[in-house]
Structures are given as structure tokens and as C-alpha cells.
Amino acid sequence: MSTLNNDKLVIAIDGPSGSGKSSVSKAVARKLGAAYLDTGAMYRAITYSVLADGTDLSDANAIAQAVRDAKLSISLDPDAELVQIGGEDVTAAIREPRISEQVSTVATNLDARAELVRRQQQIIAENTRIVAEGRDITTVVAPDADARILLTASEEARLRRRGLQLGGTQNESQLATQVLARDAKDSTVVNFTQAADGVMTVDSSDLDFEQTIDAVLDAISTATKN
Ligand SMILES: Nc1ncnc2c1ncn2[C@@H]1O[C@H](COP(=O)(O)OP(=O)(O)OP(=O)(O)O)[C@@H](O)[C@H]1O
Ligand SMILES: Nc1ccn([C@H]2C[C@H](O)[C@@H](COP(=O)(O)O)O2)c(=O)n1
């Protein structure tokens, strides 16, 4: 299958926090003229909403019901980030550290996951060309994708990148909570540290941003060659 025509093309990218999934997937989607789906933003938007509503985070049924009821909308344009829940624009708010610190409560709720996976699969089915990224895209959401990539980076690189991204506002311990502790919790329900069968690994530890985009595009070309 060619990446340069209008045939159906689904690219699945997973990886741990700070590995570069969102920024690299967005750039890859632009290059391929594809839509871009940030599945983590969906988990974050639900987290924002349950915190705002005062939902008891220890009540798994209440969280699952909140996901089923959620009026969630996400832009698929890699150049125009927009996430809305219940009509409220939460694009910026879902990136706040307080959301990163609580999002695993939603991500580890299996009923919540089932509903979000269903919505993600529907979005992928409705779009001809799409790059979707998250933690379980290569394994659960789109196991039949045309290219499946695990984007990794060392802990040191991921902490450094996230620290720079947050403009030096977070200390070492806060970064470790938001990156490493979150990965440890999320890993209890999905595996995004080891590539499943047929999934290609791109390790970006020693690559700069542009080199990582090229490495992912190379992996996509290899996977989609007839
Ligand atoms: N190869 C790279 N070299 C240097 N910086 C990078 C590289 N890849 C990504 N970055 C930068 O690292 C930061 C984190 O990347 P990004 O937000 O895309 O990670 P992520 O895997 O989506 O994280 P999370 O899952 O926590 O949202 C961004 O500022 C991004 O520009
Ligand atoms: N497919 C996905 C996407 C995301 N998550 C969880 C794990 C993260 O803690 C959280 C936020 O994701 P991020 O914005 O950091 O990529 O959502 C998941 O479990 N499955």
C-alpha cells in the first residue's frame, strides 16, 4: 500500500510518556496529509470533566458512567488542536500537571477504556488517512493498522524533554511523578514498553526531533511496501 495516494491508511503509534508520540505523530500526519488522533487527549478530557464535576475518583462505576455520558469532541487537524467536553474548550486545561497527576485513574478503569476504545475505533473507521497515537493503538485500538510503531526513548531523555516542554516549572520529583509514576500505573492495564509481534520500534533517545520524524517515516515506508 502506498503512503502517497488516497487509499485507506492507518498508522498506529504507541509509547511511554515523553517519548515524543504526540509531537512526532502530528508532524508525520502533516507529511502524509493524514488526520491526527491524540487518544491521550480523550483520557485527559474525561479526567478534567470528572474533577470539575466533583465525581468521586474512587468510584469506578461513576467514572465509567461519566465516560459513557461524555459529549467529547476532538479535532483531527494536526495544525489545529481543539478538545471540547460538554461544549467547553479544554484544549489548554487538559495539559496542566494536575490532570497528568490524576489521569491514570481514568486510564486504569477498564469500563472507561472500553468506551474510549470504541469511540477511537469509530473515528479511525470514519477517516481515510489517519495517524493515531497513544498506549494501546498498536495492540487494541488498531491492531490491523498498515504500520504499527512503538516510539521509545530512555527515561533520562523523556524526563529532560518534559522538563523543557513545561518551561522548567516542575522540579525533579514532580517530573518523575508525571512521567515515570504515571507510566508505572498505566502499565498495569496496557503494555507500551515492549513491542508486540509485528510492531516496529523506533528509539529516539539519541535522535533529535527531525531525525525522529524521518525514522518514523522510514518505518512507515518499510511497513507499507508491497
Ligand atoms: N527526538 C526528540 N528530540 C528532542 N525532543 C523531542 C523529541 N521528540 C519529542 N521531543 C519533544 O519532547 C517533548 C515531549 O514530546 P511529546 O509531548 O510529543 O511526548 P508524548 O510521548 O506525547 O508524551 P505524553 O504521552 O506524556 O503526552 C516535546 O516538547 C517534544 O517537542
Ligand atoms: N491510548 C491511550 C492513550 C492514553 N492513555 C492514558 C495514559 C496517560 O497517562 C493518559 C494521557 O495520555 P498522554 O496525553 O500523556 O499521551 O492517558 C491510555 O491509557 N491509552
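Reading guide: rules and limits
- Residues numbered from 1 in each chain as written.
- Chains lettered and ligands numbered in written order.
- Predicted model: local features only at pLDDT ≥ 70, side-chain atom pairs only at ≥ 80, totals over all residues.
- Heavy atoms only, no water.
- UniProt positions renumbered as here; feature names shortened; annotations may be inferred.
- Near = heavy atom within 4 Å.
- Polar contact = N/O pair within 3.5 Å; in protein donor to acceptor, adjacent residues only side chain to side chain.
- Areas by Shrake-Rupley, 256 points an atom, 1.4 Å probe, with all protein chains shown as cover.
- Helix = DSSP H or I, 4+ residues; strand = E, 2+ residues; numbered from the N terminus.
- Nonpolar A, V, L, I, M, F, W, Y, C, P; charged D, E, K, R; others polar.

An unreviewed UniProt entry lists the chain under the name Cytidylate kinase, from Glutamicibacter arilaitensis. Looking at the chain in UniProt, the text filed under Sequence similarities (unreviewed entry) is "Belongs to the cytidylate kinase family. Type 1 subfamily." The Subcellular location (unreviewed entry) field of the UniProt record for the chain holds the comment "Cytoplasm".

Attention now moves to the site of ligand 1. Around ligand 1 there are 17 residues in total, and Ser17, Lys21, Ser22, Ser23 and Thr212 lie nearest to it. A distance of 3.3 Å separates a nitrogen atom of ligand 1 from a polar side-chain atom of arginine 161. At 2.9 Å, a side-chain N or O of arginine 162 approaches an oxygen atom of ligand 1. Protein chains bury 82% of the 640 Å² of accessible surface belonging to ligand 1 in isolation. Where the shell around ligand 1 is concerned, the elements lending two or more residues are helix H1 (21-32), helix H7 (155-165) and helix H9 (209-224). A per-class count over the shell around ligand 1 returns three nonpolar, eight polar and six charged.

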